[in-house]
Amino acid sequence: MQDRGYYSRFGGCFIPEVLVRTFEQLTSAFEDAKRDPTFWAEYVRLMASYSGRPTPLTFAGNLSAHFGGGKIYIKREDLNHTGAHKANNVMGQGLLVQRMGKRRVIAETGAGQHGVATATMAAKFGFECTIYMGEVDVQRQRPNVFWMQRMGAKVVPVRDGARTLKDSINEAFRDWVTNMDTTHYVLGTACGPHPFPEMVRYFQSIVGQEARQQILEQTGQLPRRIYACVGGGSNALGVFNAFLDDPSELIGVEAGGKGIATGHHAARLASADGSVGVAQGYKTFFLQNEDGQMRETHSVAAGLDYVGVSPILAHLKETGRVRFEAATDREVVDALALTARKEGLIPALESSHAFAQAFKEVGSLPQSDTIIINQSGRGDKDIFTVADAFADAEWKEFIRSKARGYDA
Ligand SMILES: *Cc1c(COP(=O)(O)O)cnc(C)c1O
């Protein structure tokens, strides 16, 4: 499909000399696994017994009636064990680590979701596990840190730079260079040097495979549009992949933050603020200054504030196969509230970006059309942020009384 990890001019594998052998070993383990007909079957079995796959495709009748346009179907990645699509990637990489005979895994995490998923995988497979997490994110996502530690992972707060995701990636690479013979780096999204974008897309493609079969079974037709939020791009590529050769429109939704015009956002592809560069081992659109310094990003969703984006999505933007949009923090919180009220579903703030964009567009589609929204994860983890956004007085009092309980 691509030559040495290039998707037209994006991707590649820009790594220090010392890691070349490790990447070759990883690439050949991945290629071997793909050629082995039992491997995908083993992966599907593991995900069925451990992570509730296949996840349902839910018809959202009340939301569809509310907007009065196309029919809305929701792919329920929130029902995975650990609450998001990230399980698909980490469990798949766990099987590869086993094949390579390694005993230790490391990972970076932003929202903490990938850290929890990796710690879960390590506990299940019996691997040692170290998680690098920006200090800011450690504070924002304390409950996730708590569970990673319970599952036996060592959580290392990263104090460099903006103390968020990109700094943790740098730190995880430093660890890998030191421990590459024993250790596998579980990259959390379809970014980074080859073969990671391809590998992560491969495991996440289970989402679209299921969704395509499910929508055909339930409606007898292909969806008019498919919406997915875009952090690094793994859930979007996962659901889009099975539909690339279909007429369905594919829409990736990035973090519009406080609004594109304010500069406080993470829209690398949907705004004109992104530019092509090489960083963190690969070539893509980054939010960077003219001298290549990475800019600070902002999103209400901790999982969408990364400065880079999958080289595969950068390529699909340039070919026009995927349209990119941005949803603002405000639109996202409103979309979450409406979805909870109408359907009893609580999408993650990340996933709510896809909902917000779909809600802007679905009313103008004919009722004979269907759309799929990928609910990449569940929003229970976001209760602190969401309750703050709604300035919920009783929640504030609950937090205060908890805090008093600890002071006493
Ligand atoms: C991590 C995360 C994302 C963003 O990652 P992608 O690689 O872009 O999918 C989106 N939704 C949820 C629920 C997440 O946890």
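The structure contained in this document is the topic of the report that follows.

**Notes on the overall build of the protein chain**
Argument step 1. Per the secondary structure count, the protein chain includes 15 helices and 14 strands.
Argument step 2. When its C-alpha atoms are laid out on the principal axes, the protein chain stretches across 60 × 55 × 50 Å.
Argument step 3. Burial analysis of the protein chain (408 residues in total) assigns 58% to the buried set.
Argument step 4. Contacts in the protein chain between residues at least 24 apart in sequence constitute 74% of all its contacts with a sequence separation of at least 6.
Argument step 5. Working note: accessible area of the protein chain is about 16300 Å², and carbon and sulfur atoms make up 50% of it.

**A short note on helix α15 (residues 393-407)**
Argument step 1. Relative to the 21 Å expected for 15 residues at 1.5 Å per residue, α15 spans 21 Å between its end C-alpha atoms, a close match to the ideal helical length.
Argument step 2. Where α15 begins, the side chain of D392 points an oxygen toward the backbone nitrogen of E394, at a separation of 3.1 Å.

**Topic: the site of the ligand**
Argument step 1. In the neighbourhood of the ligand, 17 residues make up the surrounding shell, with K86, T189, G231, S234 and S376 lying closest.
Argument step 2. Between an oxygen atom of the ligand and a main-chain N or O atom of G231, the distance comes to 2.7 Å.
Argument step 3. One nitrogen or oxygen atom from the main chain of G233 is found 2.8 Å from an oxygen atom belonging to the ligand.
Argument step 4. The class makeup of the residues in the shell around the ligand is four nonpolar, eleven polar and two charged.

**Quick look at the nonpolar core**
Argument step 1. M148, W176, F240 and L313 are the most contacted members of the largest nonpolar core, which totals 86 residues.
Argument step 2. Here this core gets nine residues from one element, more than from any other, and that element is helix α9 (residues 196-219).
Argument step 3. Inspection of this core shows a minimum of three residues originating in each of domain 1 (2-48 + 85-196) and domain 2 (55-83 + 205-389).
Argument step 4. Contact partners of L313, with chain neighbours within four places excluded, come to V230, G233, A236, L237, F240, L269 and F324.
Argument step 5. With 30 residues, the next largest nonpolar core counts V253, V300, L349 and A356 among its residues.

**Observations concerning the packing of helix α4 (residues 86-100) against helix α5 (residues 113-125)**
How two helices sit against one another is set out by the angle between their axes and by the gap between those axes.
Argument step 1. Packing of α4 against α5 brings their axes to within 9 Å, and their N-to-C directions diverge by 40°. For the element pair α4 / α5, the angle class is oblique. Once α4 is placed against α5, the crossing between them reads as right-handed. The residues of α5 that touch α4, namely those facing K86, A87, N89, V90, M91, G94, L95 and Q98, are Q113, H114, A117, T118, M121, K124 and F125.
Argument step 2. Each residue belonging to the contact of α4 with α5 can be placed in one class, and the counts come to seven nonpolar, six polar and two charged.

**Here we look at the packing of aromatic side chains**
Argument step 1. Enumeration over the complete set of coordinates arrives at 22 aromatic pairs.
Argument step 2. With centroids separated by 5.6 Å and ring planes inclined at 75°, the aromatic side chains of W176 and Y185 adopt a geometry described as edge-to-face.
Argument step 3. R150 extends its terminal NZ or CZ atom over the ring of F146, reaching a point 4.6 Å from the ring centre.

**Quick word on α5**
Argument step 1. Taking 1.5 Å per residue, 13 residues should reach 18 Å; α5 reaches 18 Å between its end C-alpha atoms and fits that length.
Argument step 2. Within α5, eleven of the 13 residues are buried, which leaves the element mostly enclosed by the surrounding structure.
Argument step 3. Of all the residues in α5, the buried ones are Q113, H114, G115, V116, A117, T118, A119, T120, M121, A122 and F125.
Argument step 4. Buried residues belonging to α5 abut α2 (37-51), α4, β5 (104-109), β6 (128-134) and α7 (142-150).
Argument step 5. Among the residues trailing α5, G126 stands out with phi positive, at a value near 80°.

**Thoughts on the side chain of R53**
Argument step 1. Here R53 lies in the loop between α2 and β3 (57-59).
Argument step 2. Given the relative accessible area of 6%, R53 is considered buried.
Argument step 3. For R53, the side chain forms a polar contact with the side chain of T55, separated by 3.4 Å.
Argument step 4. Those residues within four positions of R53 in sequence are excluded, and the remaining contacts are M47, A48, K75, E77, N80, N88, I206, V207 and E210.

**What about the sheet that holds strand β8 (residues 183-185)?**
In a beta sheet, neighbouring strands are held together by backbone hydrogen bonds and run either parallel or antiparallel to one another.
Argument step 1. Taken in spatial order, the four strands line up as β7-β6-β5-β8 in an open sheet, and their pairing is parallel. Two strands bound the open sheet, and with one partner strand each, they are β7 (154-158) and β8. Taking the axes of each pair of neighbouring strands and ignoring which way they run, one obtains an average angle of 20° across the sheet.
Argument step 2. With six bridges joining them, β5 and β6 adopt parallel strand pairing. Opposite T109, over in β6, you have M133 as the bridge partner.

**Observations concerning the environment of N179**
Argument step 1. Checked against the element boundaries, N179 lands in helix α8 (residues 165-179).
Argument step 2. On the basis of relative accessible area, N179 is assigned to the partly exposed category, the value being 28%.
Argument step 3. Residues N179 and L222, 43 residues apart in the sequence, show an inter-C-alpha distance of 47 Å.
Argument step 4. Polar side-chain contacts of N179 include one of 2.8 Å to the side chain of D175.

**A word on the pattern of salt bridges**
Argument step 1. Counted under the stated rule, the structure contains 29 salt bridges.
Argument step 2. Ionic pairing is found between R76 and D78, a salt bridge with its closest N-O pair at 3.0 Å.
Argument step 3. Among the ionic pairs, D273 bridges to R295, the shortest N-O distance being 3.8 Å. Of this pair, D273 sits in the loop between β10 (249-257) and β11 (275-279) while R295 sits in the loop between β12 (282-286) and α11 (311-318); the two residues are 22 residues apart in sequence, bridging distant segments of the chain.
Argument step 4. When its relative accessible area of 26% is taken as the criterion, D273 is described as partly exposed.

Conventions and cut-offs
- Residues numbered from 1 in each chain as written.
- Predicted model: local features only at pLDDT ≥ 70, side-chain atom pairs only at ≥ 80, totals over all residues.
- Heavy atoms only, no water.
- Helix = DSSP H or I, 4+ residues; strand = E, 2+ residues; numbered from the N terminus.
- Buried < 20%, exposed > 50% of the residue type's maximum accessible area, 1.4 Å probe, protein only.
- Contact = heavy atoms within 4.5 Å.
- Areas by Shrake-Rupley, 256 points an atom, 1.4 Å probe, with all protein chains shown as cover.
- Expected span 1.5 Å × (residues − 1).
- Polar contact = N/O pair within 3.5 Å; in protein donor to acceptor, adjacent residues only side chain to side chain.
- Near = heavy atom within 4 Å.
- Nonpolar A, V, L, I, M, F, W, Y, C, P; charged D, E, K, R; others polar.
- Core = buried A, V, L, I, M, F, W, Y, C linked by side-chain atoms within 4.5 Å.
- Domains from an automatic or database assignment.
- Axes fitted to C-alpha atoms, helices over the stretch in contact; angles between N-to-C directions.
- Parallel < 35°, antiparallel > 145°, perpendicular 65-115°, else oblique.
- Left-handed = near helix turned anticlockwise from the far one by under 90°.
- Phe/Tyr/Trp six-rings, centres within 6.5 Å; stacked < 30°, edge-to-face > 60°.
- Lys NZ or Arg CZ within 6 Å of the ring centre and 35° of its normal.
- Pairing = 2+ DSSP bridges.
- Salt bridge = Lys/Arg side-chain N within 4 Å of Asp/Glu carboxyl O.

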